[in-house]
Amino acid sequence: MVRYNSFMRISINKELISLPDNITVSKMLEKLEIEKKFIAVEINLNIIPKSDYDSHIVRENDSVEIIQAVGGG
Amino acid sequence: MIPLKLFKLSAEGDLKKLILNDKEYKSRLIIGTGKYKDFAQTKLALEASGAEMITVAIRRINLGQNKKDQNLLDFIDPKKYTILPNTAGCFNAEDAIRACHLSAEVLNGEKLVKLEVLGDEKTLYPNVTETLKAAKILCKDGFKVMVYTTDDPLVAKELENVGCMSVMPLAAPIGSGLGIQNRYNILSIVENATTPIIVDAGVGTASDASIVMEMGCDGVLINTAIACAGDPIMMARAMKKAVESGFDAYQAGRIPKKKYASASSPSEGDIFNDN
């Protein structure tokens, strides 16, 4: 059963964020307005491959890191 | 002064090629992309440097960032440059290994990495124990490891032995601009190497880059000396020339140093000194 208006709190890059319950990684990135290319998503220290973004469900209390390349030496 | 025989040691032979991860590089200058004013300046400096490989760091995305804000890799075409992600900010093997897996995911499976495990914030000196530990695991995991390390010849050799693709000894601490502090060590590393030796960190100005190449190193990685120069784009151009001229001089083979003069003009037919 789909639950509406139900939100969960997850940690993304050490910030607490409210997102609709049990959404996929793809949906989470969409909500955060983050493009899928050249990023890495790690949930509870496990890297989620890009091919799993549409199927992997983000759960309440998950700790998510979203990583990109920046200037560095 | 450096003894002459050390300078001469490998000046003979054909032009050696720089091959990293099965790709031949014409430029022996690798550019770090940190500390530039903005992406536009980074791009112009890269173009002026002629570099074909650039380093990047991996960091958390800024959640507040506008969708239209460009990602570094939107600005710098990964098809044009080889992207070498580093593990900067890691102070133990475990974090460095995690960073390498993350960077491979960011770069769609590319397993080329610049491993650096640092000892402390003040010196940013490599922690060689943790570096070796991480290097062993990463090489076994199929990563192509270019490794930042101290200028200790034994450690450099050990990193080669565990399978690192290239060893990158420091000339001086990161961002210090002090130039090569221990030429004898760098020469020893070069002399014993079977993988490309690329000096990473410590170059301050163009002559430092030339000296690195004159010593027979395969390349040099520069960030701060370009990014923080008065005119980064002009310095990028200077470094390009310095690396090229240093390498040419190395290939050409320098003259031995002598204690006394040696006249450039012939003594035969000299009308001023009949004897």
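In the block above lies the structure referred to throughout.
Rules and cut-offs
Here the residue index of a chain counts from 1 through its sequence in written order. Key to labels: chains lettered from A, ligands numbered from 1, both in the order written. Whole-chain, interface and lining totals are the exception, using all residues; otherwise, since this is a predicted model, local features are given only for residues with pLDDT of at least 70 and side-chain atom pairs are given and counted only at 80 or more. Where side-chain values are given, they derive from all heavy atoms of the structure, hydrogens and water being excluded. A strand pair is defined by DSSP finding two or more bridges across the two strands. Only DSSP runs of H or I reaching four residues or more are called helices, and only runs of E reaching two or more are called strands; each is numbered from the N terminus. Between the N-to-C directions of two axes lies an angle of 0 to 180 degrees, each axis being a line fitted to C-alpha atoms and, for a helix, fitted only over the stretch in contact. We call two residues in contact whenever any of their non-hydrogen atoms come within 4.5 Å of each other. Aromatic contacts are taken between Phe, Tyr and Trp rings whose centres are within 6.5 Å, Trp giving its six-membered ring; a plane angle under 30 degrees counts as stacked, one over 60 as edge-to-face, and the others as tilted. The criterion is that NZ of a Lys, or CZ of an Arg, lies within 6 Å of the ring centre and within 35 degrees of the ring normal, and then a charge sits over that ring. Here's how the labels work: a residue is buried when its accessible area is under 20% of the maximum for its type, exposed when over 50%, partly exposed in between, all with a 1.4 Å probe on protein chains only. An arc is given here, and it is the one of the directions from the helix axis to the C-beta atoms. Any angle between 65 and 115 degrees counts as roughly perpendicular, while under 35 counts as roughly parallel, over 145 as roughly antiparallel, and the rest as oblique. Here a crossing is taken to be left-handed if its near helix is turned anticlockwise relative to the far helix by less than a right angle, and right-handed if that turn runs clockwise.

Visitor: What should I look at first to understand the sheet that holds strand β6 (residues 112-115) of chain B in this one?
Guide: Strand pairing in a sheet takes place through backbone hydrogen bonds and is either antiparallel or parallel in direction. Residues and elements named next belong to chain B. Taken in spatial order, the 3 strands line up as β6-β7-β8 in an open sheet, and their pairing is parallel. Whereas interior strands pair on both sides, the edge strands pair on one side only; in this sheet they are β6 and β8 (166-169). Pairwise comparison of adjacent strand axes, ignoring direction, gives a mean angle of 15° for this sheet. Bridge analysis of β6 against strand β7 (residues 144-149) gives 4 bridges, and the strand direction is parallel. Bridged to Leu 112 within β7 is Lys 144. Helix α5 (residues 128-140) contacts β6 and β7 of the sheet and is inclined by roughly 175° relative to β7.

Visitor: What should I look at first to understand the packing of aromatic side chains in this one?
Guide: The geometry of an aromatic ring pair is captured by two quantities: the separation of the ring centres and the angle between the planes. Residue and element names in this part refer to chain B. Considering all chains together, one arrives at 2 aromatic pairs over all chains under this definition. Centroid distance Phe 39 to Phe 75: 5.8 Å. Interplanar angle 45°. Geometry classified as tilted. With Phe 39 in helix α2 (residues 39-49) and Phe 75 in helix α3 (residues 72-75), this pair connects stretches of sequence that are 36 residues apart. Lying over the aromatic face of Phe 75, Lys 43 brings its terminal NZ or CZ to 5.8 Å of the ring centre. Here Lys 111 stacks its cationic end above the ring of Phe 143, 4.7 Å away from the centre of that ring.

Visitor: What's the story with helix α6 (residues 153-161) of chain B in this structure? I'm lost.
Guide: Residues three or four positions apart in an α-helix share a direction because the helix packs 3.6 residues into each turn. Residues and elements named next belong to chain B. Within the sequence span of α6, burial applies to Val 155, Ala 156, Leu 159 and Glu 160. Taken down its axis, α6 places every buried residue within 145° of arc, on the same side. In α6, the exposed positions angled more than 90 degrees off the buried face are occupied by Leu 154 and Asn 161. At its buried positions, α6 is contacted by α5, β7, β8 and α7 (183-192).

Visitor: Can you walk me through the packing of α2 of chain B against helix α10 (residues 232-252) of chain B in this structure?
Guide: How two helices pack is summed up by the angle between their axes together with the distance between the axes. Residue and element names in this part refer to chain B. At a minimum axis separation of 7 Å, α2 and α10 run at an interaxial angle of 25°. Put simply, α2 runs roughly parallel to α10. As for how α2 packs across α10, the hand of that crossing is right-handed. The segment α2 lies against α10, with Gln 41, Leu 44, Ala 45, Ala 48 and Ser 49 engaging Pro 232, Ile 233, Ala 236, Arg 237 and Lys 240.

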